[in-house]
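Take a look at the letters that make up each chain.
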Amino acid sequence: MPSAAPEPRRVLIPPTLQPAPLVLGQAVHRLAGRSMGTTWQVDWVGPRQVQPTVVQHALQSALDELVRQMSTWETDSELSRFGRLRAGEWQVLSPDFFQVMQAALQVAEASGGAFDPTVAPAVDHWGFGPAGRHDEAGFSAPAAALPVASTWQSLQLDTRQCAMRQPGGCRLDLSAIAKGHGVDVMARVLRERGIESFLVELGGELRGEGHKPDGQPWWVALEHPPGAELPSTVLALHGLSVATSGDYRRAYQAGGQVRSHTIDPRSGEPVSHGLASVSVLHTDAMWADAWATALTVLGPQAGPACAEAQGLAALFISREAEGRFSEHLSPALRAFLA
């Protein structure tokens, strides 16, 4: 009986990857927990005899602090309090919150508003926010979008005071960037404790540094939409982060239409084009996370064009007729092909 053909596979290797020696007396340790409505996991290299309790506590405390700052679900978070300010009032932000807002506004401008931190009203309207979830009893799917009321261009940041001005009626949703920043913060916590080789994962967003004790990098597979019969993509996550945005996550059907959790801020409606997923590689998970959302919103034509213009390494997977899928690799991603 003939053997089955091997699964098609491509390998991506960053140019910075160098051979590494074996490291004796070291082992891979694993920690895990929950935060931001999802799970997290860290694999890290350290002595075989190690007490991970201190590292676990430091990681969880750092994530708890980010939730206190930027959660849309916590009524007393800094983000929620900002939404209750009167027009013209300023709020001093924690450094991490301020950093995320700076990045969010940069991506909003570079993407022509495809990424928008002020999208909270539309997120709530379609049942993906704390105001009334689509998967809860009593939720009634809306028939139309809210009037578009984007205010990101009216937000003002004061870099000296680390503060932000409320333009009036502005509510923030940082779900498309805060999780990536959480990955970066976890990496920072590990490095502060002398841990240089690790793989961090938070809700599917990943960041890898260093090597495993056997000298191998942290190999990960890029996420594909369910049912997509495409070559698997394996990446050496070395000094890199990867984030994926997909229309198959947290979607629901209403009135014969699929409502994606990814909202186009320019129309106020869930995206409905054929782009099924976008994976973005970047040195920082925060930027990978935000750009994965922005490119998804832009769609199968404008998304790749924007990725090329911004020099982003991105994998686009689109739905075609009869249940087929197609893919597009940006020029920056093709440079990783082994």
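Residues numbered from 1 in each chain as written. Predicted model: local features only at pLDDT ≥ 70, side-chain atom pairs only at ≥ 80, totals over all residues. Heavy atoms only, no water.

**So, the overall build of the protein**
When helices and strands are counted, the protein shows seven helices and 18 strands. Over its C-alpha atoms the protein spans a radius of gyration of 21 Å, differing by no more than 12% from the 20 Å that the globule rule assigns to 338 residues. With 338 residues in all, the protein has 52% of them scored as buried. For the protein, long-range pairs separated by at least 24 residues make up 64% of all intrachain contacts whose partners lie at least 6 apart in sequence. Accessible surface computed for the protein: about 15,900 Å², of which carbon and sulfur atoms make up 50%. Charge-centre separation for the protein: the mean point of 26 positive side chains lies 2 Å from the mean point of 34 negative side chains. (Helix = DSSP H or I, 4+ residues; strand = E, 2+ residues; numbered from the N terminus. Rg over C-alpha atoms; globule rule 2.2 N^0.38 Å. Buried < 20%, exposed > 50% of the residue type's maximum accessible area, 1.4 Å probe, protein only. Contact = heavy atoms within 4.5 Å. Areas by Shrake-Rupley, 256 points an atom, 1.4 Å probe, with all protein chains shown as cover. Lys, Arg positive; Asp, Glu negative; His and termini not counted. Charge placed at Lys NZ, Arg CZ, Asp CG, Glu CD.)

**Some points on the pattern of salt bridges**
Within this structure, the stated rule accounts for 16 salt bridges. Note that R207 and E209 form a salt bridge whose closest N and O atoms lie 3.2 Å from each other. The buried category is assigned to E209, whose relative accessible area is 17%. With a closest N to O distance of 3.5 Å, R207 and D284 form a salt bridge. With a gap of 77 residues between them, R207 in strand 8 (residues 205–209) and D284 in the loop between strand 16 (275–282) and helix 6 (285–310) connect regions that are remote in the sequence. (Salt bridge = Lys/Arg side-chain N within 4 Å of Asp/Glu carboxyl O.)

**Overview of the pairing of strand 11 (residues 240–246)**
Counting buried residues along strand 11, seven of its seven residues qualify, which places the element largely inside the surrounding structure. Taking every second residue as pointing to the same face, both faces of strand 11 are buried, with L240, V242, T244 and G246 on one and S241, A243 and S245 on the other. Sheet topology note: the strand 8/strand 11 ladder contains three bridges and is antiparallel. Considered in strand 11, the bridge of L206 is made with V242. Strand direction decides the pairing type here: strand 11 and strand 16, joined by six bridges, are antiparallel. What sits directly across from G246, in strand 16, is S277. (Pairing = 2+ DSSP bridges.)

**Overview of the sheet that holds strand 4 (residues 90–92)**
Strand order in the open sheet formed by three strands is 4-6-5, and the pairing between neighbours is antiparallel. Looking at which strands have only one partner, the edges of the open sheet turn out to be strand 4 and strand 5 (156–158). Each strand of the sheet is rotated relative to its neighbour by a mean of 25°, with strand direction disregarded. Strand direction decides the pairing type here: strand 5 and strand 6 (residues 163–165), joined by three bridges, are antiparallel. Directly across from D158, in strand 6, lies its bridge partner A163. Against the sheet, helix 3 (residues 95–110) contacts strand 5 and strand 6, and its axis sits at roughly 135° relative to strand 5. (Axes fitted to C-alpha atoms, helices over the stretch in contact; angles between N-to-C directions.)

**Points about the state of the cysteines**
Here the structure, examined in full by the defined rule, presents zero disulfides. No disulfide involves C170; its sulfur sits 17 Å from that of C162, the nearest cysteine. For C170, a relative accessible area of 1% gives the class buried. (Disulfide = S-S within 2.5 Å.)

**Some points on the side chain of D43**
The topology assignment puts D43 in strand 3 (residues 38–47). At 2.7 Å, the side chain of D43 and the side chain of R30 are in polar contact. (Polar contact = N/O pair within 3.5 Å; in protein donor to acceptor, adjacent residues only side chain to side chain.)

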